[in-house]
Number of protein chains: 4
Amino acid sequence: MDGADSVLVAAGERRIGWAARAMPVLTAIAERFAAERPLDGLRVAACLHVTAETAVLMGALKAGGAEIALAASNPLSTQDDVAEALRDYGIAVHARAGVTRDVYYRHIHQALDVAPDIVLDDGCDLVNILHTERTELLDGVSGGCEETTTGIIRLRQMAAEQALRFPVVAVNDTRTKRMFDNRYGTGQSTLDGIMRATNTLLAGKTVVVAGFGYCGRGVAERARGLGARVVVTEIDPVKALDALLQGYDVRPMVAAARVGDVFVTVTGNRDVIREEHLVLMKDGAILANAGHFDVEIDVRALDELAETVHRGVRPNTDEYVLADGRRILLLAEGRLVNLTAAEGHPAAVMDMSFSAQALAVAWLARERAVLVPGVYDVPQEVDVEVARLKLAAAGIRVDELTAEQEDYLHSWRLGS
Amino acid sequence: MDGADSVLVAAGERRIGWAARAMPVLTAIAERFAAERPLDGLRVAACLHVTAETAVLMGALKAGGAEIALAASNPLSTQDDVAEALRDYGIAVHARAGVTRDVYYRHIHQALDVAPDIVLDDGCDLVNILHTERTELLDGVSGGCEETTTGIIRLRQMAAEQALRFPVVAVNDTRTKRMFDNRYGTGQSTLDGIMRATNTLLAGKTVVVAGFGYCGRGVAERARGLGARVVVTEIDPVKALDALLQGYDVRPMVAAARVGDVFVTVTGNRDVIREEHLVLMKDGAILANAGHFDVEIDVRALDELAETVHRGVRPNTDEYVLADGRRILLLAEGRLVNLTAAEGHPAAVMDMSFSAQALAVAWLARERAVLVPGVYDVPQEVDVEVARLKLAAAGIRVDELTAEQEDYLHSWRLGS
Amino acid sequence: MDGADSVLVAAGERRIGWAARAMPVLTAIAERFAAERPLDGLRVAACLHVTAETAVLMGALKAGGAEIALAASNPLSTQDDVAEALRDYGIAVHARAGVTRDVYYRHIHQALDVAPDIVLDDGCDLVNILHTERTELLDGVSGGCEETTTGIIRLRQMAAEQALRFPVVAVNDTRTKRMFDNRYGTGQSTLDGIMRATNTLLAGKTVVVAGFGYCGRGVAERARGLGARVVVTEIDPVKALDALLQGYDVRPMVAAARVGDVFVTVTGNRDVIREEHLVLMKDGAILANAGHFDVEIDVRALDELAETVHRGVRPNTDEYVLADGRRILLLAEGRLVNLTAAEGHPAAVMDMSFSAQALAVAWLARERAVLVPGVYDVPQEVDVEVARLKLAAAGIRVDELTAEQEDYLHSWRLGS
Amino acid sequence: MDGADSVLVAAGERRIGWAARAMPVLTAIAERFAAERPLDGLRVAACLHVTAETAVLMGALKAGGAEIALAASNPLSTQDDVAEALRDYGIAVHARAGVTRDVYYRHIHQALDVAPDIVLDDGCDLVNILHTERTELLDGVSGGCEETTTGIIRLRQMAAEQALRFPVVAVNDTRTKRMFDNRYGTGQSTLDGIMRATNTLLAGKTVVVAGFGYCGRGVAERARGLGARVVVTEIDPVKALDALLQGYDVRPMVAAARVGDVFVTVTGNRDVIREEHLVLMKDGAILANAGHFDVEIDVRALDELAETVHRGVRPNTDEYVLADGRRILLLAEGRLVNLTAAEGHPAAVMDMSFSAQALAVAWLARERAVLVPGVYDVPQEVDVEVARLKLAAAGIRVDELTAEQEDYLHSWRLGS
């Protein structure tokens, strides 16, 4: 290792150590894995954000006996020092910050070259490539995990079309992941990213949140908690009604566009903010995406409307000047603002999500003989186990049912 | 009708009229039912709280063509004027405020005497009696609706034991009912009941909420919204963790008992507050139940601990004086404080719940030939329809997907 | 005493007992007064809401040696049972629920007939009459207390015009009274009154709060805490900016009128809601006043706009039907909704306010020889003493400065 | 100017431009100053944080005609690029990031060498030096402004001791500054600093806020808004009671120390967290100061307790390992976390504060002939003017009093 590398490795190890201290559940699981070796002899290909928290997950799987190849699930989120530290620890990492789209896909192919038994995905790109370009590997794959809502939507579609070739655990769909990661993690890190990028005072501002799923709810709560007036846009009447009953101002985007100071898209869909909205916005409007890929804001439309673009007026902030002089600020080029302008989910949240993932991989390893292709929920006891370990780490105790209470809940014969 | 009756009828009609103005969705459905008569020739037996909002539901079903017999689901919640107005409108009502337990059960039997095609239940008592004491009627029943979480638990148990003899729609389990009724309705009406009963300033008080299901969440949010510090107790680690992440102080009841000023049980279980907790409480502690039956607080234990009981120190408030002089205030005798001390769910919330119920009855009538015994979810389109009508009534518009967005959501083949 | 009276007395005593248990500070002061008799030989004329909490204050002053004559400060808020219990206790009470305006003023004159040394006022009516119609008594008056913000405004005006003839303590202007009474007390009781009068679900509603003083702030916080979207109207740019920064939607009334579901006036001014606003309102709009006299809502204009008025569609709720069919609901005839439809301030809040008042009366008694006419602030140590007693009653401890910290705060000579 | 300088100047100008766009009020005032030249011929010495926002204020004063010498009020907060851009603009700046204490004081002396007519201070260091070490300049000084609460405390002490030699405007004590700057600015920037330094998930954490003044209130609100449970410590019973009534958990520090995950001091006093508290803290406790100088946390005591110190485990984060293995994280070496780890107050807040300051300097220039030494409040009309300009910039309108309403407020003669 040359000098530059060893500096990188040291920096990466420090980051990983910092993350690990906030991930007591995954650390406890890693210790159990090291003793029980539930993944001995298995090859794992993973396509995840290459961050310190992911590194702790990789460490747990390696402790469990797996051989691992890791690619980045987003060209912008890779932490190069973490990647180097993982390589030093014996994990094949195919990722580098800021690579082109071509290199991004080549990295996924390189990770797949390990000929995986089990795959971990974040957005379905790796699974997609497996089913379209690397079909020769499909027979060897016994199972996978997918972490995002949008990835799960695609996988269910594939399963409905009989196109999915192995069992996949929808890690996104646990109660812990949905509630704690999507909601609290994305909530905080999105606002954190907006503050770092712009240093805007949010009190008194109008923040428009597009989408009121778990992530949108988290963003809305945090924006309100920072003193903003929050406007919610939705396409689902049930979610819209929930937002209304929580005191939010619910409007279609075309009405929200006129009043917003800050816009955050969290829908999993494309073109949520598009030309018809951009032309209505106030001077100084700030646009951020915390949803999925960089398609939620129609950046091309913004480019076409702008007479001038000032890149980097602040870190991760580009200023688009429209013909009439109005300025629109786009954060992180429309990519995930919480990953790009802040540091992604705090380690404590990833602890929940990655602990479920580690336990799900062990479950796949154990059950793969009997599982058929399809999308599986995380077994409920995994979820409860993760929550229980987390509360214990925070020093919180909960009540236990008495015998009489157990009886009461299970007997429908008792009258009123 | 004698003079007293006609006064009662007029009072009841005024109450029903007031409720109806806050129930635009159910009113719209009633108009459609009157035109389409989807329930022509059907007999319905219902066991529900006999309140003005229930009366609007009964009116919708009668408009749809049903013959109805109604009993009360709780001896304390019956509004006698509403009952009288319904009788005047041609609905057989077997209910009177404050009757004994014996009369309560006799009323349910009287409602069942109609030999129902369809039953509506709230807590599973009527369905329970059908399956144990009135089995001769079971062949005639083609379906039912159950409104409460605890009722559904019992029904699922019956279904698991092959004991359930007809299809039941779990009306409790719609997104609208859970989110809007359990959470927002119970949240407000529980605090309303506590304020009416005690006129206590909640700001600065410590409110202990036992149970963090949908109802408990609503109670916790409203207590916090009124300035209280909220402590949550739970038995489920996942819900406990959610409460923690929402900023609540999570503890076991034995630790909460020492610090609480006001206690609210919302668990669906029994003996949630029992002797071991009562002996630890502060002078002046207030106990209220907003969960299910009057078993959540162990009133018998309180009776045995008390040296003296002052009934009615305030409306719906009894004071128990313990041997050491500490005073504990029990609201509504441990029965549902939101129904007894306040007026139950605001009509606007019941509008959601009862609209789903009306549409579910029509669905049962339409599909009964093909349904087998078991517990059914409310069809999703019913739920979305209710939300859409509700938003329309509030003048709120939501976004529509563009064609490109529809495509994007349905195509897994698009890469990043 | 005849039978009806003794029933009233017993009911009043029960109410007062209930209030007293939530007023530990005033109770402690009463005990001290009984021992020290600081008011021996003084005559007090009071014009206050005749409620259970006022009765506890009267008891403390009587314990301190005062002879008391009490009139009601609002014709609608008198609790007749409390009045009767006070009479039975030896206090001259000139008040009865629901009297006409003429009788109301006669009652104030009767209270003044005691030829007071000290006066207590709530809205400045008694002081006004003293200075205009009963000037023969002015020489005997050594001081007074005034409780409301609007009363203080008048008194300062009188003082500026040299018209005020004795020293008055502005009890309204303590930190404890402003923060805890105006803000938390009025906040809760106003929403409580609206819920009792209408049983409206506040979640998802738009509540317009006119005025963002201490009371308005409290109402806005509680409305938001119950799930409403809150719009604030103001005339003071600084208060308007504060509301904006707290996340409220700030607009002029003419813009708020179109969107509100519930309107609450808390300004201390007249005609805050007037014809130009009424004509813009939505069907079903609810109007409530929690500010001062019944002039904040222009009820006359509403009367003239209405084709029909249905009185009492709910308790304390009148429905005004406009020519185009829109219905507007006026609560408590435009009088104080928190006193009329609910029970006024919770006793725990009044404990703060009335304790300051009791200590201020003792201060006036002690200092009257040296005081000149004018409006006086409550001495700061009275305020701190009240807060300290209150925290002690709640079992809360605070930190004490160390000697080094005292030094640090007092020495400007230490550098950075 | 050499190459490195011109790069710095360009970077600084970009920063200042960014700040200026969020400071519309100060920009409007600068334009007026440029036209009216109210400061022509005056020399100003300022000791302020050398940031982009300060640069906009300096620009306004220079536009008004002043000659300016600027030193830094904190050795850590200086932005070197901004300093360079100001020098390029013709302002004498004596400041450099990270200088030693000696250099810090030398810089203040150098700024004083301008022989100022008017001084601007932030923490009273410059005024202190003027009165102790540079007394020869005192005769020339006609007035000053002080921005911080702690500075004002010192100045009032000096005034009380007849030691203060010129009039000083307490810029801290306007309603706008207190409400908007202390509360909303410090609230957001403090949490921002903690997140940048640690990336900790605040939801579910216990945050202890020491001090419930305006700043503490803001920090507590934001911590709660990010999902934390907030514990408040205070020495003033009235503030403690206010915190309690806002739903906070109020305790002495010795009880808070055991439960806190994050501690923030905002008191203006020293040794708020000291050895007796440090020894009780949980492993991983985070300590931050957002109050005044670096004396609020007793860093020396922490140093003595620690066996090892790891500097820079994260940016602005040092880890102190105690003998028993517990780790305590100190942010920003105990200096202001919002200035050091984040970027200080968002420009939009500083706009309020610095606009008041600019108008106050003009007022001093105009009135100096008639003012005597002492501490002066900012004239009320300045404050209202600032709020009015700010609302206008946000597009918010407020109501105007009608003539009848003006009359009503001014006439005490109207009865009820």
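Residues numbered from 1 in each chain as written. Chains lettered and ligands numbered in written order. Predicted model: local features only at pLDDT ≥ 70, side-chain atom pairs only at ≥ 80, totals over all residues. Heavy atoms only, no water.

A. Focus on the domain arrangement of chain A. Residue and element names in this part refer to chain A. One can read the domain layout of chain A as domain 1 (3-177 + 345-393) and domain 2 (185-340). Here the C-alpha centroids of domain 1 and domain 2 sit 30 Å apart. Each partner contributes residues to the interface: domain 1 has twelve residues there, and domain 2 has eleven residues. Of the roughly 970 Å² buried between domain 1 and domain 2, counting both surfaces, carbon and sulfur atoms make up 65%. In terms of surface lost to domain 2, no three residues of domain 1 exceed L76, T150 and H345, which account for 47% of the buried area on that side. On inspection of domain 1 and its partner domain 2, the count reaches zero salt bridges. (Domains from an automatic or database assignment. Contact = heavy atoms within 4.5 Å. Buried area = accessible area lost by both parts, 1.4 Å probe. Salt bridge = Lys/Arg side-chain N within 4 Å of Asp/Glu carboxyl O.)

B. Molecular detail of the environment of A220(A). Residue and element names in this part refer to chain A. You can see A220 is positioned in helix α9 (residues 214-225). Its relative accessible area of 0% is what places A220 among the buried residues. Separated by 132 residues in the primary sequence, A220 and M352 have C-alpha atoms spaced 22 Å apart. Leave out the neighbours within four places in its chain, and A220 touches V209, F212, V230 and Y248. (Helix = DSSP H or I, 4+ residues; strand = E, 2+ residues; numbered from the N terminus. Buried < 20%, exposed > 50% of the residue type's maximum accessible area, 1.4 Å probe, protein only.)

C. Broad picture of the sheet that holds strand β13 (residues 317-322) of chain A. Residue and element names in this part refer to chain A. The mixed open sheet is built from eight strands, whose spatial order is β9-β8-β7-β10-β11-β14-β13-β12. Either end of the sheet is taken by a strand with one partner, and the two such strands are β9 (249-250) and β12 (306-314). Note that strand β10 (residues 262-265) and strand β11 (residues 285-289) share four bridges and pair parallel. Residue pairing in the sheet places V262 in a bridge with I286 of β11. (Pairing = 2+ DSSP bridges.)

D. Local environment of helix α3 (residues 52-63) of chain A. Residues and elements named next belong to chain A. Across its twelve residues, α3 extends 16 Å between first and last C-alpha, which sits within 8% of the 16 Å expected from 1.5 Å per residue. With eleven of its twelve residues buried, α3 lies for the most part within the structure. Restricting attention to buried positions, one finds in α3 the residues A52, E53, T54, A55, V56, L57, M58, G59, A60, L61 and A63. One or two residues past the end of α3 sits G65, with phi positive at roughly 110°. (Expected span 1.5 Å × (residues − 1).)

E. Representation of the relation of the copies chain A and chain D within the structure. With an RMSD of 0.1 Å, the fit of chain A onto chain D corresponds to turning through 180° and sliding 0.0 Å along the axis. Here the copies are linked by what is in effect a two-fold axis. If distances are taken from each C-alpha of chain A to the rotation axis, the shortest is found for G225(A), at 1.7 Å. Here 100% of the contact residues of chain A are again contact residues in chain D; the copies associate through an equivalent surface. (Least-squares fit on C-alpha atoms with pLDDT ≥ 70 in both.)

F. Quick look at the interface of chain A and chain D. Contact with chain A, which involves 32 residues of that partner, is made by 32 residues of chain D. Buried surface at the junction of chain A and chain D, both sides included, amounts to about 2,900 Å², of which 52% is carbon and sulfur. The interface formed by chain A and chain D includes four salt bridges. We note a salt bridge from E319(D) to R21(A), for which the minimum N-O separation is 2.4 Å. Joining chain A to chain D, the criterion identifies 16 residue pairs in polar contact (both at pLDDT 80 or more). Sorting the residues of the side of chain A that touches chain D by element identifies α1 (3-21), α8 (175-198), α9, β12, β13, β14 (327-331) and α15 (347-367) of chain A as the ones contributing at least two each. For the side of chain A that touches chain D, the leading source of residues is α8(A), giving seven residues. (Polar contact = N/O pair within 3.5 Å; in protein donor to acceptor, adjacent residues only side chain to side chain.)

G. The arrangement of the relation of the copies chain C and chain D in detail. Of the transformation superimposing chain C on chain D, the axial component is 0.1 Å and the angular component is 180°, with the fit at an RMSD of 0.1 Å. Of all interface residues in chain C, 100% are interface residues in chain D too; the two copies therefore contact each other through one and the same surface.

H. Up close: the sheet that holds strand β12 (residues 306-314) of chain B. Residue and element names in this part refer to chain B. Read across the sheet, eight strands follow the order β9-β8-β7-β10-β11-β14-β13-β12 without closing on themselves; strand pairing throughout is mixed. Looking at strand neighbours, the two that pair on one side only are β9 (249-250) and β12, the edges of this open sheet. Bridge count between β12 and strand β13 (residues 317-322): five bridges; the pairing is antiparallel. Each residue of the ladder has a partner; that of T308, found in β13, is V321. Contacts from helix α8 (residues 175-198) reach β10 (262-265), β11 (285-289), β12, β13 and β14 (327-331) within the one sheet, and its direction differs from that of β12 by about 95°. (Axes fitted to C-alpha atoms, helices over the stretch in contact; angles between N-to-C directions.)

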